[in-house]
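Listed here are the chains, written in short residue letters.
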Amino acid sequence: MSKLVTIYGGSGFVGRYIARRMAKEGWRVRVAVRRPNEAIFVKTYGVVGQVEPVLCNIRDDASVASVMKGADAVVNCVGVLAEAGKNTFDAVQSEGAARIARLAAEAGITRMVQLSAIGADADSDSEYARTKAEGEAAVLEHQPDAMILRPSVVFGSEDSFFNRFAGMARFGPVLPVVGANTQFQPVYVDDVAQAAVMGVLGNASGVYELGGPVKMSFRELMEQMLQVIRRRRLVLNIPFFAARIMAFSFDMLQAASGGLIKNGMVTRDQVKNLANDNVVSEGAQTFETLGIAPVTMASVLPEYLWRFRPSGQYDAIKESASNLRSS
(Lines give C-alpha, C1' and ligand atoms only; values in the text may rest on other atoms or scores of the structure.)
Protein backbone atom coordinates (compact mmCIF):
# COMPACT_ATOMS: atom_id res chain seq x y z
CA MET A 1 0.00 0.00 0.00
CA SER A 2 1.21 3.52 -0.82
CA LYS A 3 2.40 5.75 2.00
CA LEU A 4 0.14 8.29 3.72
CA VAL A 5 0.77 11.91 4.67
CA THR A 6 -1.55 14.02 6.81
CA ILE A 7 -1.45 17.71 5.91
CA TYR A 8 -2.96 20.00 8.53
CA GLY A 9 -4.36 23.02 6.72
CA GLY A 10 -3.94 21.15 3.45
CA SER A 11 -6.66 23.08 1.64
CA GLY A 12 -5.08 26.45 2.40
CA PHE A 13 -2.95 28.52 0.05
CA VAL A 14 0.35 26.65 0.52
CA GLY A 15 -1.14 23.39 1.77
CA ARG A 16 -3.05 22.66 -1.44
CA TYR A 17 0.16 22.86 -3.49
CA ILE A 18 1.89 20.44 -1.13
CA ALA A 19 -1.12 18.10 -1.34
CA ARG A 20 -1.02 18.19 -5.13
CA ARG A 21 2.70 17.43 -5.27
CA MET A 22 2.43 14.59 -2.75
CA ALA A 23 -0.37 13.03 -4.80
CA LYS A 24 1.88 13.17 -7.86
CA GLU A 25 4.53 11.38 -5.81
CA GLY A 26 2.05 8.52 -5.44
CA TRP A 27 1.28 9.10 -1.74
CA ARG A 28 -2.17 8.99 -0.22
CA VAL A 29 -2.99 12.43 1.15
CA ARG A 30 -5.21 13.17 4.12
CA VAL A 31 -6.15 16.87 4.18
CA ALA A 32 -7.07 17.85 7.76
CA VAL A 33 -9.23 20.99 7.85
CA ARG A 34 -11.94 22.65 9.92
CA ARG A 35 -14.50 22.58 7.09
CA PRO A 36 -14.07 19.46 4.91
CA ASN A 37 -17.12 20.38 2.81
CA GLU A 38 -15.24 23.48 1.62
CA ALA A 39 -12.16 21.43 0.71
CA ILE A 40 -13.78 18.96 -1.68
CA PHE A 41 -11.69 20.41 -4.54
CA VAL A 42 -8.56 18.65 -3.21
CA LYS A 43 -10.01 15.30 -4.33
CA THR A 44 -9.19 16.24 -7.92
CA TYR A 45 -5.46 16.24 -7.13
CA GLY A 46 -5.25 12.44 -7.41
CA VAL A 47 -7.13 9.34 -8.46
CA VAL A 48 -10.36 8.34 -6.72
CA GLY A 49 -9.79 8.09 -2.97
CA GLN A 50 -6.16 9.20 -3.09
CA VAL A 51 -6.71 12.68 -1.62
CA GLU A 52 -9.37 13.04 1.06
CA PRO A 53 -10.43 16.03 3.19
CA VAL A 54 -11.17 15.17 6.85
CA LEU A 55 -12.45 17.15 9.81
CA CYS A 56 -9.88 18.33 12.36
CA ASN A 57 -9.68 20.92 15.11
CA ILE A 58 -6.03 21.75 15.69
CA ARG A 59 -6.85 22.91 19.23
CA ASP A 60 -7.99 19.43 20.32
CA ASP A 61 -5.70 16.48 21.08
CA ALA A 62 -8.18 13.76 20.12
CA SER A 63 -9.05 15.47 16.85
CA VAL A 64 -5.41 15.95 15.85
CA ALA A 65 -4.46 12.39 16.81
CA SER A 66 -7.39 10.78 14.97
CA VAL A 67 -6.43 12.18 11.56
CA MET A 68 -2.77 11.12 11.79
CA LYS A 69 -3.54 7.44 12.45
CA GLY A 70 -1.60 5.30 10.00
CA ALA A 71 0.31 8.27 8.61
CA ASP A 72 3.98 8.00 7.61
CA ALA A 73 4.53 11.77 7.77
CA VAL A 74 2.76 14.96 8.81
CA VAL A 75 2.85 18.52 7.50
CA ASN A 76 1.59 21.53 9.45
CA CYS A 77 0.49 24.47 7.31
CA VAL A 78 -1.94 26.00 9.80
CA GLY A 79 -1.36 29.63 10.69
CA VAL A 80 -3.25 32.89 11.15
CA LEU A 81 -2.36 36.42 10.04
CA ALA A 82 -4.90 37.93 12.42
CA GLU A 83 -6.60 36.52 15.50
CA ALA A 84 -10.28 35.65 15.37
CA GLY A 85 -12.25 34.17 18.26
CA LYS A 86 -10.54 31.08 19.70
CA ASN A 87 -8.04 31.01 16.85
CA THR A 88 -5.43 33.12 18.60
CA PHE A 89 -1.75 33.22 17.68
CA ASP A 90 -0.89 31.19 20.78
CA ALA A 91 -3.60 28.57 20.26
CA VAL A 92 -2.82 27.98 16.59
CA GLN A 93 0.82 28.76 15.90
CA SER A 94 2.40 27.83 19.23
CA GLU A 95 0.15 25.30 20.97
CA GLY A 96 -1.21 23.84 17.73
CA ALA A 97 2.21 23.16 16.25
CA ALA A 98 3.40 21.67 19.55
CA ARG A 99 0.33 19.41 19.70
CA ILE A 100 0.89 18.00 16.21
CA ALA A 101 4.60 17.37 16.85
CA ARG A 102 4.01 15.75 20.24
CA LEU A 103 1.22 13.46 19.08
CA ALA A 104 3.16 12.51 15.95
CA ALA A 105 6.13 11.51 18.09
CA GLU A 106 3.86 9.45 20.35
CA ALA A 107 2.49 7.73 17.24
CA GLY A 108 6.00 6.88 16.06
CA ILE A 109 5.94 9.34 13.14
CA THR A 110 9.42 10.77 12.58
CA ARG A 111 8.93 12.86 9.45
CA MET A 112 7.39 16.28 9.92
CA VAL A 113 7.39 19.54 7.97
CA GLN A 114 6.45 22.76 9.76
CA LEU A 115 5.51 25.85 7.77
CA SER A 116 6.81 28.90 9.66
CA ALA A 117 7.83 32.35 8.39
CA ILE A 118 10.87 34.56 7.96
CA GLY A 119 11.10 36.80 11.00
CA ALA A 120 10.09 34.12 13.50
CA ASP A 121 11.64 35.35 16.75
CA ALA A 122 10.93 34.30 20.33
CA ASP A 123 11.89 37.80 21.53
CA SER A 124 9.79 39.72 19.01
CA ASP A 125 7.17 42.20 20.20
CA SER A 126 4.95 40.84 17.41
CA GLU A 127 2.66 38.03 18.58
CA TYR A 128 2.73 36.53 15.09
CA ALA A 129 6.53 36.33 14.96
CA ARG A 130 6.84 35.21 18.58
CA THR A 131 4.35 32.34 18.28
CA LYS A 132 5.88 31.20 14.99
CA ALA A 133 9.21 30.86 16.83
CA GLU A 134 7.57 29.06 19.76
CA GLY A 135 5.94 26.66 17.32
CA GLU A 136 9.31 25.94 15.71
CA ALA A 137 10.94 25.26 19.08
CA ALA A 138 8.15 22.89 20.12
CA VAL A 139 8.33 21.00 16.84
CA LEU A 140 12.10 20.51 17.12
CA GLU A 141 11.71 19.42 20.75
CA HIS A 142 9.44 16.53 19.76
CA GLN A 143 10.67 16.05 16.19
CA PRO A 144 14.43 16.80 16.11
CA ASP A 145 14.69 15.70 12.46
CA ALA A 146 11.81 17.89 11.31
CA MET A 147 12.02 20.31 8.40
CA ILE A 148 11.16 23.94 9.24
CA LEU A 149 10.33 26.20 6.30
CA ARG A 150 10.46 29.98 6.70
CA PRO A 151 9.19 31.62 3.50
CA SER A 152 9.09 35.34 2.79
CA VAL A 153 5.77 36.68 1.44
CA VAL A 154 4.31 33.94 -0.76
CA PHE A 155 2.75 34.70 -4.14
CA GLY A 156 0.57 32.63 -6.47
CA SER A 157 -2.88 32.68 -8.05
CA GLU A 158 -4.69 32.29 -4.70
CA ASP A 159 -2.48 34.64 -2.67
CA SER A 160 -3.87 37.27 -0.32
CA PHE A 161 -1.04 39.71 -1.01
CA PHE A 162 -0.92 40.76 -4.67
CA ASN A 163 -4.60 39.90 -5.21
CA ARG A 164 -5.56 42.16 -2.33
CA PHE A 165 -3.57 45.18 -3.45
CA ALA A 166 -4.48 44.69 -7.11
CA GLY A 167 -8.11 44.76 -6.03
CA MET A 168 -7.53 47.96 -4.06
CA ALA A 169 -5.85 49.56 -7.09
CA ARG A 170 -9.13 49.44 -9.02
CA PHE A 171 -10.54 52.22 -6.85
CA GLY A 172 -9.10 55.71 -6.70
CA PRO A 173 -5.79 57.24 -7.83
CA VAL A 174 -3.85 56.34 -4.65
CA LEU A 175 -2.64 52.97 -3.35
CA PRO A 176 -1.77 53.32 0.38
CA VAL A 177 0.81 50.99 1.97
CA VAL A 178 2.41 50.72 5.39
CA GLY A 179 6.20 50.36 5.37
CA ALA A 180 6.89 51.30 1.75
CA ASN A 181 10.63 50.92 2.29
CA THR A 182 10.47 47.54 4.01
CA GLN A 183 12.30 44.87 2.00
CA PHE A 184 10.65 41.63 0.86
CA GLN A 185 11.85 38.58 -1.06
CA PRO A 186 8.63 37.14 -2.57
CA VAL A 187 8.61 33.39 -3.14
CA TYR A 188 6.41 31.35 -5.47
CA VAL A 189 4.01 29.05 -3.63
CA ASP A 190 4.86 25.94 -5.65
CA ASP A 191 8.56 26.40 -4.89
CA VAL A 192 7.70 26.27 -1.18
CA ALA A 193 5.65 23.13 -1.84
CA GLN A 194 8.57 21.53 -3.67
CA ALA A 195 10.79 22.14 -0.64
CA ALA A 196 8.16 20.68 1.70
CA VAL A 197 7.94 17.50 -0.37
CA MET A 198 11.66 16.97 0.10
CA GLY A 199 11.08 17.00 3.85
CA VAL A 200 8.18 14.54 3.65
CA LEU A 201 10.25 12.17 1.53
CA GLY A 202 13.07 12.33 4.07
CA ASN A 203 15.51 14.02 1.69
CA ALA A 204 16.02 17.13 3.84
CA SER A 205 15.70 18.33 7.44
CA GLY A 206 16.57 21.42 9.44
CA VAL A 207 15.57 25.08 9.12
CA TYR A 208 15.37 26.74 5.70
CA GLU A 209 14.67 30.38 4.86
CA LEU A 210 12.95 30.60 1.49
CA GLY A 211 13.04 33.72 -0.63
CA GLY A 212 12.70 34.36 -4.34
CA PRO A 213 15.53 35.51 -6.62
CA VAL A 214 14.75 39.23 -6.18
CA LYS A 215 14.67 41.52 -3.12
CA MET A 216 12.38 44.54 -3.46
CA SER A 217 10.86 47.19 -1.24
CA PHE A 218 7.12 47.17 -0.61
CA ARG A 219 6.84 50.22 -2.88
CA GLU A 220 8.75 48.49 -5.69
CA LEU A 221 6.54 45.42 -5.39
CA MET A 222 3.43 47.56 -5.75
CA GLU A 223 4.91 49.42 -8.72
CA GLN A 224 5.68 46.13 -10.48
CA MET A 225 2.16 44.88 -9.73
CA LEU A 226 0.69 48.10 -11.14
CA GLN A 227 2.64 47.58 -14.35
CA VAL A 228 1.20 44.08 -14.67
CA ILE A 229 -2.40 45.26 -14.20
CA ARG A 230 -1.75 48.35 -16.37
CA ARG A 231 -2.96 50.95 -13.93
CA ARG A 232 -1.36 54.21 -12.90
CA ARG A 233 -1.58 54.83 -9.18
CA LEU A 234 0.39 56.81 -6.64
CA VAL A 235 1.90 54.43 -4.08
CA LEU A 236 1.46 56.40 -0.86
CA ASN A 237 3.47 55.45 2.22
CA ILE A 238 1.56 55.65 5.49
CA PRO A 239 4.00 56.60 8.30
CA PHE A 240 4.24 54.04 11.07
CA PHE A 241 2.92 56.41 13.74
CA ALA A 242 -0.22 56.98 11.65
CA ALA A 243 -0.50 53.27 10.85
CA ARG A 244 -0.40 52.39 14.54
CA ILE A 245 -3.27 54.79 15.25
CA MET A 246 -5.30 53.40 12.34
CA ALA A 247 -4.63 49.80 13.36
CA PHE A 248 -5.60 50.50 16.97
CA SER A 249 -8.91 51.99 15.81
CA PHE A 250 -9.68 49.02 13.55
CA ASP A 251 -8.76 46.53 16.29
CA MET A 252 -10.94 48.30 18.84
CA LEU A 253 -13.86 48.37 16.40
CA GLN A 254 -13.55 44.62 15.94
CA ALA A 255 -13.36 44.05 19.69
CA ALA A 256 -16.32 46.33 20.41
CA SER A 257 -18.45 44.50 17.84
CA GLY A 258 -17.61 41.13 19.38
CA GLY A 259 -15.89 40.11 16.17
CA LEU A 260 -18.89 40.85 13.95
CA ILE A 261 -16.93 43.62 12.24
CA LYS A 262 -13.62 42.17 11.07
CA ASN A 263 -10.47 44.23 10.82
CA GLY A 264 -9.73 43.58 7.17
CA MET A 265 -7.41 46.56 6.81
CA VAL A 266 -4.37 46.33 9.09
CA THR A 267 -3.87 45.16 12.68
CA ARG A 268 -1.45 46.47 15.30
CA ASP A 269 0.52 43.23 15.09
CA GLN A 270 0.82 43.50 11.32
CA VAL A 271 2.17 47.05 11.65
CA LYS A 272 4.89 45.72 13.97
CA ASN A 273 5.87 43.11 11.37
CA LEU A 274 5.89 45.61 8.52
CA ALA A 275 8.57 47.58 10.33
CA ASN A 276 11.06 44.74 9.77
CA ASP A 277 12.62 43.52 6.52
CA ASN A 278 11.29 40.16 5.35
CA VAL A 279 14.31 38.69 3.56
CA VAL A 280 16.56 35.64 3.86
CA SER A 281 19.22 36.15 6.53
CA GLU A 282 22.92 35.73 5.84
CA GLY A 283 24.21 32.21 6.39
CA ALA A 284 20.77 30.57 6.35
CA GLN A 285 19.99 27.35 4.50
CA THR A 286 18.02 28.29 1.39
CA PHE A 287 16.55 27.02 -1.87
CA GLU A 288 20.11 26.75 -3.15
CA THR A 289 20.88 24.27 -0.35
CA LEU A 290 17.95 22.17 -1.57
CA GLY A 291 18.93 22.44 -5.22
CA ILE A 292 15.76 24.37 -6.13
CA ALA A 293 15.87 27.35 -8.52
CA PRO A 294 13.07 29.70 -7.39
CA VAL A 295 10.67 31.16 -9.95
CA THR A 296 10.58 34.92 -10.58
CA MET A 297 7.52 37.10 -9.95
CA ALA A 298 7.69 38.52 -13.47
CA SER A 299 7.01 35.08 -14.95
CA VAL A 300 3.98 34.36 -12.74
CA LEU A 301 2.11 37.58 -11.84
CA PRO A 302 0.62 38.16 -15.34
CA GLU A 303 -0.89 34.65 -15.23
CA TYR A 304 -3.37 35.58 -12.50
CA LEU A 305 -3.44 39.37 -12.11
CA TRP A 306 -4.77 40.00 -15.63
CA ARG A 307 -8.31 40.11 -14.24
CA PHE A 308 -7.49 43.38 -12.46
CA ARG A 309 -6.63 45.17 -15.71
CA PRO A 310 -9.11 47.83 -16.87
CA SER A 311 -10.58 45.47 -19.48
CA GLY A 312 -9.58 42.20 -17.87
CA GLN A 313 -8.78 39.45 -20.34
CA TYR A 314 -9.57 41.76 -23.24
CA ASP A 315 -7.04 44.42 -22.25
CA ALA A 316 -4.25 43.06 -24.46
CA ILE A 317 -6.63 42.75 -27.43
CA LYS A 318 -7.79 46.35 -27.05
CA GLU A 319 -4.20 47.52 -26.77
CA SER A 320 -3.27 45.63 -29.94
CA ALA A 321 -6.25 47.07 -31.81
CA SER A 322 -5.30 50.56 -30.66
CA ASN A 323 -1.79 50.12 -32.07
CA LEU A 324 -3.22 49.01 -35.40
CA ARG A 325 -5.42 52.13 -35.63
CA SER A 326 -2.55 54.45 -34.77
CA SER A 327 -0.34 52.95 -37.45
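Placed above this text is the structure.
Below is a short write-up of the structure. (Residues numbered from 1 in each chain as written. Predicted model: local features only at pLDDT ≥ 70, side-chain atom pairs only at ≥ 80, totals over all residues. Heavy atoms only, no water.)

### A short note on helix H6 (residues 189-200)
Line of reasoning, step 1. The end-to-end C-alpha separation of H6 is 17 Å, in line with the 16 Å expected for twelve residues at 1.5 Å each.
Line of reasoning, step 2. Within H6, eleven of the twelve residues are buried, leaving the element largely enclosed by the surrounding structure.
Line of reasoning, step 3. Buried residues of H6: Val-189, Asp-190, Asp-191, Val-192, Ala-193, Ala-195, Ala-196, Val-197, Met-198, Gly-199 and Val-200, and no others. (Helix = DSSP H or I, 4+ residues; strand = E, 2+ residues; numbered from the N terminus. Expected span 1.5 Å × (residues − 1). Buried < 20%, exposed > 50% of the residue type's maximum accessible area, 1.4 Å probe, protein only.)

### Digging into the packing of helix H1 (residues 13-24) against H6
Line of reasoning, step 1. Two elements in contact, H1 and H6, have axes whose closest approach is 8 Å; the angle formed by their N-to-C orientations is 55°. Taken together, the axes of H1 and H6 lie oblique to each other. Of the two elements, H1 crosses H6, and the hand of that crossing is right-handed. Facing Phe-13, Val-14, Tyr-17, Ile-18, Arg-21 and Met-22 of H1, the residues of H6 in contact are Val-189, Asp-190, Val-192, Ala-193, Gln-194, Ala-196, Val-197 and Val-200. (Axes fitted to C-alpha atoms, helices over the stretch in contact; angles between N-to-C directions. Parallel < 35°, antiparallel > 145°, perpendicular 65-115°, else oblique. Left-handed = near helix turned anticlockwise from the far one by under 90°. Contact = heavy atoms within 4.5 Å.)

### Focus on the packing of aromatic side chains
Line of reasoning, step 1. Using the criterion set out here, one finds eleven aromatic pairs in the structure.
Line of reasoning, step 2. Arranged with centres 5.6 Å apart and planes meeting at 35°, the rings of Phe-155 and Tyr-188 form a pair that is tilted. Taken together, the residues Phe-155 in strand E7 (residues 154-155) and Tyr-188 in strand E10 (residues 187-188) connect sequence positions 33 residues apart.
Line of reasoning, step 3. The rings of Phe-155, Phe-161, Phe-162, Phe-165, Phe-184, Tyr-188 and Phe-218 are connected pair by pair, giving a single aromatic cluster.
Line of reasoning, step 4. Taking the ring centre of Tyr-17 as reference, the NZ or CZ of Arg-20 above it sits at 5.1 Å.
Line of reasoning, step 5. A cation over an aromatic ring shows up here: Arg-164 above the ring of Phe-165, its NZ or CZ 5.7 Å from the ring centre. (Phe/Tyr/Trp six-rings, centres within 6.5 Å; stacked < 30°, edge-to-face > 60°. Lys NZ or Arg CZ within 6 Å of the ring centre and 35° of its normal.)

### Observations concerning helix H4 (residues 127-142)
Line of reasoning, step 1. In this model H4 runs 23 Å from its N-terminal to its C-terminal C-alpha over 16 residues, within 8% of the 22 Å that 1.5 Å per residue would give.
Line of reasoning, step 2. Along H4, the positions that sit buried rather than exposed are Tyr-128, Ala-129, Arg-130, Thr-131, Lys-132, Ala-133, Gly-135, Glu-136, Ala-138 and Val-139.
Line of reasoning, step 3. Residues of H4 that are buried make contact with helix H3 (89-106), strand E5 (112-115), strand E6 (147-151) and helix H9 (268-274).
Line of reasoning, step 4. The N-cap residue of H4 is Ser-126: its side-chain oxygen and the backbone nitrogen of Tyr-128 are 3.3 Å apart. (Polar contact = N/O pair within 3.5 Å; in protein donor to acceptor, adjacent residues only side chain to side chain.)

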